[in-house]
Amino acid sequence: MVRHTARIFTWLIVGSLGIVVFILFQGDPSVKVSPETPMPILWKTNFSKLPLWDFEDVYNQDATPRNTMCQQSLRNSKDENFKKAFLPNIRLFLHKGNINMSEWNRLSHFNNPFGFMGYSYNDVMSSVKLIPKPKEPLLSPKPGGDGCIHCAVVGNGGILNDSKKGKEIDEHDYVFRMNGAVTKGYEEDVGNKTSVYVHTAYSITTSLDLFKKYGYKSVPHDEGIKYVLIPEGMRDFQWLGGLLRGEKVQLGPYREKWPRTYYMGQYNETRFYVLHQDFLRYVRNRFLKSPRLNKHSWGIYRPTNGAFTIFLALHTCDTVDVYGFMTRDYAKYSNYYFQRNVKSHVTFFTNHDYMLEMRNWEKLHNSTIICLYQRS
Ligand SMILES: *[C@@H]1O[C@H](CO)[C@@H](O)[C@H](O)[C@H]1NC(C)=O
Ligand SMILES: *[C@@H]1O[C@H](CO)[C@@H](O)[C@H](O)[C@H]1NC(C)=O
Ligand SMILES: *[C@@H]1O[C@H](CO)[C@@H](O)[C@H](O)[C@H]1NC(C)=O
Ligand SMILES: *[C@@H]1O[C@H](CO)[C@@H](O)[C@H](O)[C@H]1NC(C)=O
Ligand SMILES: *[C@@H]1O[C@H](CO)[C@@H](O)[C@H](O)[C@H]1NC(C)=O
Ligand SMILES: *[C@@H]1O[C@H](CO)[C@@H](O)[C@H](O)[C@H]1NC(C)=O
């Protein structure tokens, strides 16, 4: 009988609108007990602000520890606040091998992209079960180098117009870009090399339409490029289903699209990575916790794709130089560097906290954890 052989944990979790009791049976490995099942779905609309579970700030930390021989590595930072917040071995990537039913149930307490709140098990897991385990770490030190991994993260900010930073950017071991990363015609200012391209299903499809008029014809597709997906919503799991099977997307806004065609022949599952919900939540909770999380619209707030890219670099590189991100004098520049003929205004989308991010980059720069390109 299950009652005699299983230990029973009862978690009492008090949400702002009611009490939910979860009873989890954790089996004794020597006996067969009924398998766990997905917990009842929680809905964002049932919470008037970010719910805070007692396991909110607990993360899987099983990334391969990096034995960095690099003296100047940001991992050796003496900055007290950074040391307290930074988890060098936080789990970065989601794959079929690191999710099980108790993980599903844990992550179902957090809204997307920080977890699976509001989603049904089968809708998400039918795609997650296809994600192969990454065979190698995202980045390794370059042979013959100084043992450090030197990275540039290049945002699309107008500050790069006429910056002449292209050569300096390309000289880094690895260059990260995201979203509408137009380089053709702008090489002198932004370089032409992309080693890691970070995107969502939305950004990879929409950027082609939005930025066509600036010469954006396809995603970066350098030989051997690594692609990183931020699974921000259900549409990303639908995208993944099509991508990993090499088929059309079956459901949702990208239905009938062929994801593989977007990667210009460079899609290769050994070089494709999906960010883990714990990593995304850790970035929000420990570095970009916006006051908006206390408001009714808490559920739409998330850091920008650019912010997640900087933090991915902070966890995979030893030195990180950041270009094309918002600085105090942002109003002097266009929204994007490729808007160079007519000055545009920076667009503030309501799901992001740009001012918080801007202060955060400045803070990381001041404590020499990143080097932020600030023009004046
Ligand atoms: C929670 O949200 C769901 C979906 O929006 C709704 O159907 C349900 O009535 C809500 N429950 C409570 C207790 O407000
Ligand atoms: C489920 O996955 C978590 C996190 O990877 C792990 O700690 C736990 O032991 C796993 N549970 C089972 C029953 O395999
Ligand atoms: C970038 O430009 C350099 C110098 O012009 C060239 O050697 C290199 O092949 C280009 N790289 C890519 C990915 O286009
Ligand atoms: C995928 O990439 C790996 C590592 O770069 C390479 O060894 C393999 O041949 C590639 N596969 C295909 C089908 O291109
Ligand atoms: C971009 O830089 C060029 C100089 O190369 C300058 O003429 C132009 O006004 C700049 N565009 C914007 C929007 O500031
Ligand atoms: C960074 O340093 C500059 C110059 O010392 C200072 O004016 C600014 O307030 C600092 N920014 C932050 C966010 O600490």
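**Student:** Just checking my understanding: could you explain the site of ligand 2 for this structure?
**Tutor:** In the vicinity of ligand 2, the contacting residues are Asn 60, Arg 91, Asn 100, Ser 102 and Glu 103. Here an oxygen atom of ligand 2 and a side-chain polar atom of Arg 91 are 3.0 Å apart. Between Asn 100 and ligand 2, the recorded distance is 2.4 Å, taken from a side-chain N or O atom to an oxygen atom. Burial of ligand 2 by the protein amounts to 39% of the accessible area it has alone, namely 360 Å².

**Student:** Help me understand the sheet that holds strand β7 (residues 272–274) in this model?
**Tutor:** Across a sheet, strands are paired by hydrogen bonds formed along the backbone, either parallel or antiparallel in direction. Strand order in this open sheet of seven strands is β7-β6-β5-β4-β3-β8-β9, and the pairing throughout is parallel. Looking at strand neighbours, the two that pair on one side only are β7 and β9 (371–372), the edges of this open sheet. When strand β6 (residues 226–229) meets β7, the two strands line up parallel, connected through three bridges. By the bridge assignment for β7, Leu 229 is matched with Val 274. With respect to the sheet, helix α10 (residues 305–316) is in contact with β3 (150–154), β4 (174–178), β5 (196–199), β6 and β8 (319–323), its orientation differing from that of β4 by roughly 160 degrees.

**Student:** Before we go on, may I ask you to explain the site of ligand 5 in this structure?
**Tutor:** Surrounding ligand 5, one finds Asn 161, Asp 162, Ser 334, Gln 339, Arg 340 and Lys 343. Taking Asn 161, its side chain carries an N or O atom lying 2.4 Å from an oxygen atom of ligand 5. In the complex, 51% of the free accessible area of ligand 5, which totals 360 Å², lies under the protein chains. Tallied by class, residues from the shell around ligand 5 come to no nonpolar, three polar and three charged.

**Student:** Help me understand the state of the cysteines in this model?
**Tutor:** Working definition: the covalent bond between the sulfur atoms of two cysteines is a disulfide. Throughout the structure, instances matching the rule amount to two disulfides. Between Cys 70 and Cys 148 runs a disulfide, and the two sulfur atoms are separated by 2.1 Å. Handedness of the Cys 70-Cys 148 disulfide follows from its S-S torsion of about 95 degrees: it is right-handed. One end of the pair, Cys 70, is in the loop between β2 (18–26) and α2 (80–85); the other, Cys 148, is in the loop between α4 (121–128) and β3, with 78 residues separating them in the sequence.

**Student:** Help me understand the pairing of β4 in this model?
**Tutor:** Consecutive side chains along a regular strand alternate between the two faces of the sheet. Counted residue by residue, β4 has five buried out of five residues, so it is predominantly covered. Here β4 shows no split at all, with Tyr 174, Phe 176 and Met 178 on one side and Val 175 and Arg 177 on the other all buried. Here four bridges tie β3 to β4, and the two strands are oriented parallel to one another. Bridge pairing in β4 places Val 154 opposite Arg 177. Relative to β5, β4 is paired through three bridges, and the arrangement is parallel. Paired with Met 178 across the two strands is Val 198, which belongs to β5.

**Student:** Any chance you could explain the pairing of β8 here in plain terms?
**Tutor:** Burial within β8 is extensive, with four of its five residues counted as buried. Where β8 meets β9, two bridges bridge the pair, whose relative direction is parallel. Each bridged residue has a counterpart across the sheet, and for Asp 321 the counterpart in β9 is Cys 371. A crossover links β8 with its parallel partner β9, the connecting element being helix α11 (residues 354–366), and its sense is right-handed.

The rules behind these values
- Residues numbered from 1 in each chain as written.
- Chains lettered and ligands numbered in written order.
- Predicted model: local features only at pLDDT ≥ 70, side-chain atom pairs only at ≥ 80, totals over all residues.
- Heavy atoms only, no water.
- Near = heavy atom within 4 Å.
- Polar contact = N/O pair within 3.5 Å; in protein donor to acceptor, adjacent residues only side chain to side chain.
- Areas by Shrake-Rupley, 256 points an atom, 1.4 Å probe, with all protein chains shown as cover.
- Pairing = 2+ DSSP bridges.
- Helix = DSSP H or I, 4+ residues; strand = E, 2+ residues; numbered from the N terminus.
- Contact = heavy atoms within 4.5 Å.
- Axes fitted to C-alpha atoms, helices over the stretch in contact; angles between N-to-C directions.
- Nonpolar A, V, L, I, M, F, W, Y, C, P; charged D, E, K, R; others polar.
- Disulfide = S-S within 2.5 Å.
- Buried < 20%, exposed > 50% of the residue type's maximum accessible area, 1.4 Å probe, protein only.
- Right-handed = clockwise from strand over helix to strand, strands pointing away.

Keep in mind these numbers describe shape, not what the thing actually does.
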